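# Overview (structure and organization)
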Amino acid sequence: MNSDDNPISNDPFALIDPQLWLITSASQNRRSGLIATFVTKASIVPDCPRFVIGLARQHETCRLLEESGTCVLHLFSQEKCEWVEKFGVPSGAKIDKFAQIDIQTLKTGAPVLSDAICAFDCQVERNWETGDRILFLLQVVESKMLNPGTPLRFTEMWNTASTELCQKLSFLLVRDQQIDRQAIMKWREASE
Ligand SMILES: Cc1cc2nc3c(=O)[nH]c(=O)nc-3n(C[C@H](O)[C@H](O)[C@H](O)COP(=O)(O)O)c2cc1C
């Protein structure tokens, strides 16, 4: 096929294949977790580990993180791909996503999923409003290897997910894009 005929090859964003993270947080007697791709290691200093994450304000996990100032970042393998549907589709505002999931805690007390590959227990150092996302700078207060495995990336998840799940995720993506577009425009107008 001529590369001009392939629409994917003309889209530089299609080259980005992020790892899927599961971020959990809890406050008072509430807890939730979500799937995120906006997670970046933000320090090269071994004794000052940091991450930056971007969460949309409408998500329950974001509200809990703002309230508690703590969260846990997890990497997980293809064997736990059911977590994408469990944590990345519904809102934890109305349901408990942790039913039948083995939980432990580290220093902050935020929920740690025992079947993940690893967990980074974090405290918020600072946050910034950017319109569609709140960016949180996180200090890692404890990190732990939990199980062997290769972290799941978006493309692997997408290529192995059921047609039904891909349809659900596509629907939610379009919905969230509309919410985010409006939030970005509003923020830009207010910043001018
Ligand atoms: C592949 C994938 C990547 C996602 N990345 C992010 C992200 O980086 N930031 C974010 O706020 N939401 C992201 N989401 C959306 C949340 O995971 C999803 O809306 C979740 O159901 C929110 O749950 P909560 O309301 O219980 O917090 C992503 C979802 C999927 C499926």
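In what follows, the structure referred to is the one given above.
Quick caveat, the model's predicted, so the values are computed rather than measured.

## Description of the packing of aromatic side chains
A ring pair, where both rings are aromatic, is described by two values, the distance of the centres and the angle of the planes. In the structure shown here, the tally under the stated rule is six aromatic pairs. With 5.6 Å between their ring centres and 70° between their planes, tryptophan 21 and phenylalanine 51 make a pair best called edge-to-face. Here the residue tryptophan 21 occupies a position in strand β1 (residues 21-27), and phenylalanine 51 occupies one in strand β4 (residues 50-56), the gap between them amounting to 30 residues. Residues tryptophan 21 and phenylalanine 51 agree in their burial class; the two are buried.

## Brief notes about the site of the ligand
In the neighbourhood of the ligand, 24 residues make up the surrounding shell, with Ser32, Ile35, Thr61, Pro90 and Gly92 lying closest. Here an oxygen atom of the ligand and a backbone polar atom of glutamate 60 are 2.9 Å apart. Residue serine 91 places a side-chain N or O atom 3.3 Å away from an oxygen atom belonging to the ligand. Of all the cavities here, the one that holds the ligand is the largest pocket. Counting only elements with at least two residues in the shell around the ligand, the list comes to β2 (30-36), β4, α1 (60-68) and α2 (82-88). In terms of residue count, β2 provides more of the shell around the ligand than any other element does, five residues in total. Here the shell around the ligand is composed, by residue class, of 12 nonpolar, nine polar and three charged.

Here is what the cut-offs are and how they apply
Residues numbered from 1 in each chain as written. Predicted model: local features only at pLDDT ≥ 70, side-chain atom pairs only at ≥ 80, totals over all residues. Heavy atoms only, no water. Phe/Tyr/Trp six-rings, centres within 6.5 Å; stacked < 30°, edge-to-face > 60°. Helix = DSSP H or I, 4+ residues; strand = E, 2+ residues; numbered from the N terminus. Buried < 20%, exposed > 50% of the residue type's maximum accessible area, 1.4 Å probe, protein only. Near = heavy atom within 4 Å. Polar contact = N/O pair within 3.5 Å; in protein donor to acceptor, adjacent residues only side chain to side chain. 1 Å grid on protein atoms, 1.4 Å probe; cavity = no way out; pocket = protein on both sides within 12 Å on 5 of 7 lines; lining within 4 Å. Sits in = over half its atoms within 2 Å of the grid points. Nonpolar A, V, L, I, M, F, W, Y, C, P; charged D, E, K, R; others polar.

The values reported here are purely geometric and, on their own, carry no functional implication.
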